[in-house]
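# Structure assessment
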Amino acid sequence: MAEVVASAVGVLTVSDRASRGEYEDKGGPGIVAALSDILASPWRAVARVVPDEQDVIAAALIDLADREGCSLILTTGGTGPAPRDVTPEATEAVCERMLPGFGELMRTASLREVPTAILSRQTAGTRGRSLIVNLPGKPSAIRTCLDAVFPAIPYCIDLIGGDRFETDPAVCKAFRPKA
Ligand SMILES: Nc1ncnc2c1ncn2[C@@H]1O[C@H](COP(=O)(O)OP(=O)(O)OP(=O)(O)O)[C@@H](O)[C@H]1O
Ligand SMILES: Nc1nc2c(c(=O)[nH]1)N[C@H]1C(S)=C(S)[C@@H](COP(=O)(O)O)O[C@H]1N2
C-alpha cells in the first residue's frame, strides 16, 4: 500500500515582541487553525518565530523551502510601512519570481474590514517548488487574506511542481482550470 506523506507547510511568524516572548504568538497558531479548516489532504506545520530582521527572515524562508521542502510557506507580520517592517523585502530577496496578484487581492479583501489595509505591502512569490505568501501581523487578518487567495494556491503549487494540495470544498473551492 502506498504510504501517505504529509505535505510540509512553513508557518513563519515575524514579530520582534513574539520572538522575545513579550507576547504570546497568536499568528502562527492562527495560520495552523485556518489551514486545519481549509485543507483536506494530509499536511504538517513547520513553525518558526523570528524577529523583524531581513537576513533572519530570509534565512528562515530559505531553510523552510530548501531544507524542510515546504511547498507552501505562509508568513505573518512585518508587512507595513514602519522601518522595521521588512518581510516583503526578505521575500523578494529569496524568490525567483513574484506573484503580485496575491497582494492585490488580499489588500482588496482586507479593505472591506479596515481602511488601513492599504498599508500592508504583503506580496507572494516562488522559490523553486515553494510558494511564499505574506500575511499581515494582525491575527484577525490571517483568515481574511487566506480565504481570498486560497482557491488559487493548489493550482499555483501544481504549476511549480510542488506537492498536491486538496481543500475541503465546503470551506474553500480550489480552482484547477485543467482538471
Ligand atoms: N504574532 C503575533 N501574535 C499576536 N499578536 C500580534 C502578532 N503580530 C502582531 N500582533 C498584533 O498586531 C499588531 C500589529 O502587528 P505588527 O506586525 O505591526 O507588530 P509591531 O507593532 O511591528 O510589533 P512586533 O514586531 O513586536 O510584533 C501588534 O501590535 C500586535 O497587537
Ligand atoms: N485584514 C486586515 N488587514 C490588515 C490589517 C488588519 O487589521 N486586518 N491591518 C493593517 C495595518 S494597520 C497594517 S500597518 C498593515 C501591515 O501590518 P503588519 O506590519 O503587521 O504586517 O496590515 C494592514 N492589513
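Procedures and definitions
- The residue numbering used here restarts from 1 in each chain and proceeds along that chain's sequence as written.
- Chain A is the first chain written and ligand 1 is the first ligand written, with later ones labelled in order.
- Whole-chain, interface and lining totals are the exception, using all residues; otherwise, since this is a predicted model, local features are given only for residues with pLDDT of at least 70 and side-chain atom pairs are given and counted only at 80 or more.
- UniProt positions are given in the numbering used here, feature names are shortened, and annotations may be inferred rather than shown by experiment.
- The criterion for a residue being near a molecule or strand is a backbone-placed C-beta atom within 6 Å of that molecule or strand.
- Only runs of H or I of at least four residues qualify as helices and only runs of E of at least two qualify as strands under DSSP, and these elements are numbered from the N terminus.
- When residue character is reported, Ala, Val, Leu, Ile, Met, Phe, Trp, Tyr, Cys and Pro are called nonpolar, Asp, Glu, Lys and Arg charged, and the others, Gly included, polar.
- Buried residues are those with 20 or more other C-beta atoms within 10 Å of their own C-beta, exposed residues have 12 or fewer, and partly exposed residues lie in between; C-beta atoms are placed from the backbone.

An unreviewed UniProt entry lists the protein under the name Molybdopterin adenylyltransferase, with Alsobacter ponti as the source organism. The UniProt entry for the protein carries the following text under Catalytic activity (unreviewed entry): "molybdopterin + ATP + H(+) = adenylyl-molybdopterin + diphosphate". In its Pathway (unreviewed entry) section, the UniProt entry covering the protein states "Cofactor biosynthesis; molybdopterin biosynthesis."

### A short note on the site of ligand 1
Taken together, the neighbourhood of ligand 1 is formed by 17 residues, with Ser15, Asp16, Arg17, Gly27 and Gly137 sitting nearest. Considering each element in turn, the shell around ligand 1 owes the most residues, three residues, to helix 1 (residues 16-19). Looking at the shell around ligand 1, its residues break down into four nonpolar, seven polar and six charged.

### Let's talk about the environment of Pro83
Checked against the element boundaries, Pro83 lands in the loop between strand 3 (72-76) and helix 4 (87-94). A residue is classified by how many C-beta atoms lie within 10 Å of it, and Pro83, with 6 of them, is exposed. A C-alpha to C-alpha distance of 9.7 Å links Pro83 and Asp52, two positions 31 residues apart in sequence.

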